[in-house]
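Observations on the three-dimensional arrangement
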Amino acid sequence: MKKSQIIGKLNLDQSKLVNEIKNLNNSSKISEEYDEFSSGYWENLTLWNHNGNDENTEYSNFSGSAKKTKKTKEYPYINSLINKNFKVENLKMARIRMLSDAVLIPHKDFVELDRNQSYIRVFIPLNDAKQSFHCEENFVFRMRPGEIWHLNAESIHNAINFSPKRRISLCLDFAFDYEVTSLKEIFSEEGNILSNSNYEIEEIIRPNLDKKQINSLIFGVSQIINKYNFKELVFVLSKINFMYNIPANDFYDILLDICNRSKNNDLIKKAYNLKRYMIEKREFKERFEI
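These figures come from a predicted structure and were not determined experimentally.

**Focus on the sheet that holds strand 1 (residues 5-9)**
The seven strands are arranged 1-9-6-11-4-2-3 in an open sheet whose pairing can be described as antiparallel. The sheet terminates laterally at strand 1 and strand 3 (67-68), the two strands that pair on one side only. Note that strand 4 (residues 91-100) and strand 11 (residues 167-176) share eight bridges and pair antiparallel. Looking at the pairing, Arg-95 lines up with Cys-171 of strand 11. Along the sheet, helix 1 (residues 14-25) contacts strand 2 (41-49), strand 4 and strand 11; its crossing angle with strand 11, the most-contacted strand, is approximately 95°. Contacting strand 2, strand 3, strand 4 and strand 11, helix 3 (residues 76-85) runs over the sheet at an angle of about 50° to strand 2.

The following block contains the structure:
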């Protein structure tokens, strides 16, 4: 499976961006779809979607191109980055995503959607969040302002921000009825994309944990886990792959081992259901209470 990669770069105009970033930093959290994926502050502001309703934060399949919401008028410069640099014919959703003091549970995206479609997710950081990282399987990296990342959202991945400073990014989702052979298909010919195949990726190297240390972790948590702290411990365990050289893929093996050793059948069942929901199969509009 192909790793996420930098596919271009934008020169962000800070004089135009500064007030919009200020407004985003002052925005308040709203309840939205998939809140169960995260702890802390995680918010998506919808700029484009299938019906132009900015309160609709859920990605869905539909025919045709996305429609602008009223949020595009509140953030005209950020929206201009979409209009000027990307082909919107196959754009299905555009969101401003914010994360602070938060971690996402390892998961896969698009598992509830039509598998005959080809999905492309693009991330563009808009500010410099030095304590914010992304993990794809065992690849941990930091995305920097203006970098255009093609994220492999169909792999097991998660994200974290150890800081209260918000990580603010533009997230674009494209869908095609055919297999896309070149990512250049999403770029506008009139755009101002800096193209260079030699971008240096800021990969994060983490210390190893040996089997004895992992077993000690599993044993220790299995002694204290219960129905009252299950949710909190899930989010604590979701941070481990950012601090140590453990793939995000191992999260569910560790959680299931902990619950099995606890001999609590309700927790065992809940851990299996969480794994199914997050990385295997979930129905459209299905929700999971951790």
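**Description of the sheet that holds strand 5 (residues 102-103)**
What holds strands together in a sheet is hydrogen bonding between their backbones, with the strands either parallel or antiparallel. Pairing in this open sheet of five strands is antiparallel, and the strands run 5-10-7-8-12 from one edge to the other. In the strand order of this sheet, the two ends are held by strand 5 and strand 12 (202-203), each with one partner.

**Structural notes on helix 7 (residues 251-262)**
Look at helix 7: 17 Å from first C-alpha to last across 12 residues, which is about the 16 Å you get at 1.5 Å a residue. When we look at burial in helix 7, the residues that qualify are Phe-251, Tyr-252, Ile-254, Leu-255, Leu-256, Ile-258 and Cys-259. In the core, the buried residues of helix 7 are packed alongside helix 4 (211-222), helix 5 (230-237) and helix 8 (265-280). Just downstream of helix 7 lies Lys-263, where phi reads positive at about 60°.

Scoring rules and cut-offs
Residues numbered from 1 in each chain as written. Predicted model: local features only at pLDDT ≥ 70, side-chain atom pairs only at ≥ 80, totals over all residues. Heavy atoms only, no water. Pairing = 2+ DSSP bridges. Helix = DSSP H or I, 4+ residues; strand = E, 2+ residues; numbered from the N terminus. Contact = heavy atoms within 4.5 Å. Axes fitted to C-alpha atoms, helices over the stretch in contact; angles between N-to-C directions. Expected span 1.5 Å × (residues − 1). Buried < 20%, exposed > 50% of the residue type's maximum accessible area, 1.4 Å probe, protein only.

Interpretation in functional terms is not warranted from these geometric data alone.
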